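Each chain is listed here by its residues.
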Amino acid sequence: MNLTERDRQYLWHPYTQHKTAAPPIAIVKGEGAMLWDDTNKEYIDAIASWWVNPFGHSNRFIADAIYKQLTTLEHVLFGGFTHEPAVLVAEKLMELLPNNQKKLFFSDNGSTAVEVAIKVALQYFFNKGEKRTTIIAFENAFHGDTFAAMAASGISFYTQAFEGMFIDVVRIPVPVRGKEEESFAALRAAIISHKVAGFIFEPLVQGAAGMVMYEAEALDELLLICAKNQVLTIADEVMTGFGKTGKTFACDYIQEKPDMMCLSKALTGGTIPMAITTFTQELFDGFYSDDINKALFHGHTFTANPTGCAAALASFELLQTEAMQANIARVHESHLAFEKRIRTHTKVSTTRVLGVIFALEIKTEGQAAYYGSLRNQLYDFFIENGIILRPVGNIVYILPPYIISNAQLEKVYQTIEKALEIV
Ligand SMILES: *Cc1c(COP(=O)(O)O)cnc(C)c1O
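To keep things clear, this report deals only with the structure shown in the data block. Nothing here was measured: the structure is a model prediction, and the numbers come from that model. (Residues numbered from 1 in each chain as written. Predicted model: local features only at pLDDT ≥ 70, side-chain atom pairs only at ≥ 80, totals over all residues. Heavy atoms only, no water.)

In terms of strand pairing, strand β1 (residues 27-31) meets strand β2 (residues 34-37) through 4 bridges, oriented antiparallel. Bridged to Gly30 within β2 is Leu35. Linking β1 back to β2 in an antiparallel pair, the connection comprises 2 residues, with Gly32 at a positive phi of about 60°. (Pairing = 2+ DSSP bridges. Helix = DSSP H or I, 4+ residues; strand = E, 2+ residues; numbered from the N terminus.)

Quick look at the structure:
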């Protein structure tokens, strides 16, 4: 039996209808922006393996840091203990984050980073004896697949089986161009009609919705409204963090600062699952008390895993090199040039670029389903041609590792152009 057949015996894959899905491709090796399957066919990983991998596969610098940590201290519990990798991650992140962020809590993935932020927002008011139980979130948001994260998420087929079992969430429109006022008004109305604890958002780009983008000025206005009403704000930078938007964080584009930030995905350079939620001093102080009941009773077994921390430290170092910053700028420029050349294509309705993220929408009659036939036709075409892209409905986006070469990028662009001819 080959790997794919052995996989089929026991394994259950994410977001997969096993009855209709094609068998998974068995990947045996990765290097830089490339992956190889068990028949030695090569693929360009044009979505950085679900947005986690900025520096390329099998990166030696991160691998060496991980090895060194594994042979020094692989793991120790974080309840009652600490270690240098965790302290260093905190010290380093404090230099990179907006300067109102003062405390940091480790968990394991983007969903748990969001879960922690939502629980902190709710308990912060509980600790003060104030009843605030509603969270505000954007339409078509994606914040993860655990329960509070799902509640905040607005992509309906991800969550429809669980309707009625969620914490209270009020949804407001995304302030995309032309819809800003509608979004501001909806936020104001929600704050008046509900006891709102927090507002969670993907800053500037909604990833899973299909790289939907909106302006920093609009986000600033929403954050101002929240600040005036003591509504806590949670920037979910799980996708946008660590350079994707061209700055270290999407929040670096705004004047107002969020109360909390959620980080994961590229945090460890795509190597080890780890996440961090960060907080203002004021939030931390809301739990600081002689009363043990006011503590944050949340934790995960592998909290602050030293090996993950070592990978994160190596990643921060790589991100800040001149060479990596130049790569981010190069990919961005390259996307802009491609945008110019594809924008007027008869089958393209809109294009957008931010940092290393490029997206185009294909003209369709009516709405294309998220996992519909157009999406599947495109996905299969890209795979056939050795490019990993996962279109969302009629939206094709690229979010490559920053180290992708110009030749590899050009192949991705040309394959997208060819795909437009077959749809
Ligand atoms: C991927 C993602 C999550 C969930 O992260 P997981 O590690 O998959 O749990 C949360 N928020 C955003 C914005 C994401 O892109």
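Pairing between side chains of opposite charge can happen when the charged atoms of each approach one another. Tallied over the full model, the rule gives 9 salt bridges. Measuring nitrogen to oxygen at the nearest pair gives 2.6 Å for the salt bridge that ties Arg177 to Glu215. One end of the pair, Arg177, is in the loop between β6 (168-172) and α8 (180-193); the other, Glu215, is in the loop between β9 (212-213) and α9 (216-228), and 38 residues separate them in sequence. Glu221 is the salt-bridge partner of Arg188, the closest N and O atoms lying 3.7 Å from each other. Placement of Arg188 in helix α8 and of Glu221 in helix α9 is noted, with a sequence separation of 33 residues between them. You can call Arg188 partly exposed: its relative accessible area is 39%. The class for Glu221 is partly exposed, based on a relative accessible area of 25%. The structure contains a network of salt bridges with shared partners spanning Arg341, Glu410 and Glu417. (Salt bridge = Lys/Arg side-chain N within 4 Å of Asp/Glu carboxyl O. Buried < 20%, exposed > 50% of the residue type's maximum accessible area, 1.4 Å probe, protein only.)

Pairing is antiparallel in the open sheet, where 3 strands are placed in the order β13-β14-β16. Looking along the sheet, the strands with just one partner apiece sit at the ends: β13 (348-354) and β16 (395-398). Between one strand axis and the next, the sheet turns by 15° as a mean value, whatever way the strands run. Relative to β16, strand β14 (residues 357-362) runs antiparallel, the two being bridged by 4 bridges. Note that in β16 the partner of Glu361 across the bridge is Ile395. Along the sheet face, helix α14 (residues 406-422) touches β13, β14 and β16 and points at about 170° away from the line of β16. (Axes fitted to C-alpha atoms, helices over the stretch in contact; angles between N-to-C directions. Contact = heavy atoms within 4.5 Å.)

With that settled, consider helix α3 (residues 60-70). Inspection of α3 places Ile62, Ile66 and Gln69 among the buried residues, and these make up the whole buried set. For α3, the arc enclosing every buried residue in end-on projection is 65°, short of the 170-degree limit, so these residues lie on one face. Counted as exposed and oriented over 90 degrees from the buried face of α3: Arg60, Tyr67 and Lys68. A distance of 3.0 Å separates the backbone nitrogen of Phe61 from a side-chain oxygen at the start of α3, and that oxygen is part of Asn59. (Arc of directions from axis to C-beta. Polar contact = N/O pair within 3.5 Å; in protein donor to acceptor, adjacent residues only side chain to side chain.)

Turning our attention to the sheet that holds strand β4 (residues 103-107). Strands pair in a sheet through their backbones, by hydrogen bonds, and they do so in one of two ways: parallel or antiparallel. The strand order across the open sheet formed by 7 strands is β4-β12-β11-β10-β7-β5-β6, and the pairing between neighbours is mixed. Since the sheet does not close on itself, it has two edges, and those belong to β4 and β6, each with one partner. Adjacent strand axes in the sheet meet at a mean angle of 20°, parallel and antiparallel pairs treated alike. Taken together, the 5 bridges between strand β5 (residues 134-138) and β6 define a ladder with parallel strand orientation. When the bridges of β6 are listed, Thr134 appears paired with Asp168. The strands touched by α9 are β5, β6, β7 (196-201) and β10 (232-236); relative to β7, the strand with the most contacts, the crossing angle is about 165°.

Look at helix α13 (residues 373-384) against α14: their axes get within 10 Å of each other, and the N-to-C directions meet at 135°. Overall, the two elements α13 and α14 adopt an arrangement that is oblique. Relative to α14, α13 is oriented so that their crossing is right-handed. Within the contact between the two elements, α13 uses Gln377, Leu378, Phe381 and Phe382 and α14 uses Thr415, Ile416, Lys418, Ala419 and Ile422. Residues belonging to the contact of α13 with α14 are distributed by class as follows: 6 nonpolar, 2 polar and 1 charged. (Parallel < 35°, antiparallel > 145°, perpendicular 65-115°, else oblique. Left-handed = near helix turned anticlockwise from the far one by under 90°. Nonpolar A, V, L, I, M, F, W, Y, C, P; charged D, E, K, R; others polar.)

This part is about the site of the ligand. Taken together, Trp51, Asn109, Gly110, Ser111, Phe142, His143, Gly144, Glu202, Asp236, Val238, Met239 and Lys265 form the complete shell of residues around the ligand. In the model, an oxygen atom of the ligand is placed 2.6 Å from a nitrogen or oxygen of the Ser111 side chain. Coverage of the ligand by the protein chains reaches 83% of its 380 Å² of free accessible surface. Class assignment of the residues belonging to the shell around the ligand gives a composition of 4 nonpolar, 5 polar and 3 charged. (Near = heavy atom within 4 Å. Areas by Shrake-Rupley, 256 points an atom, 1.4 Å probe, with all protein chains shown as cover.)

These figures capture arrangement, not role.
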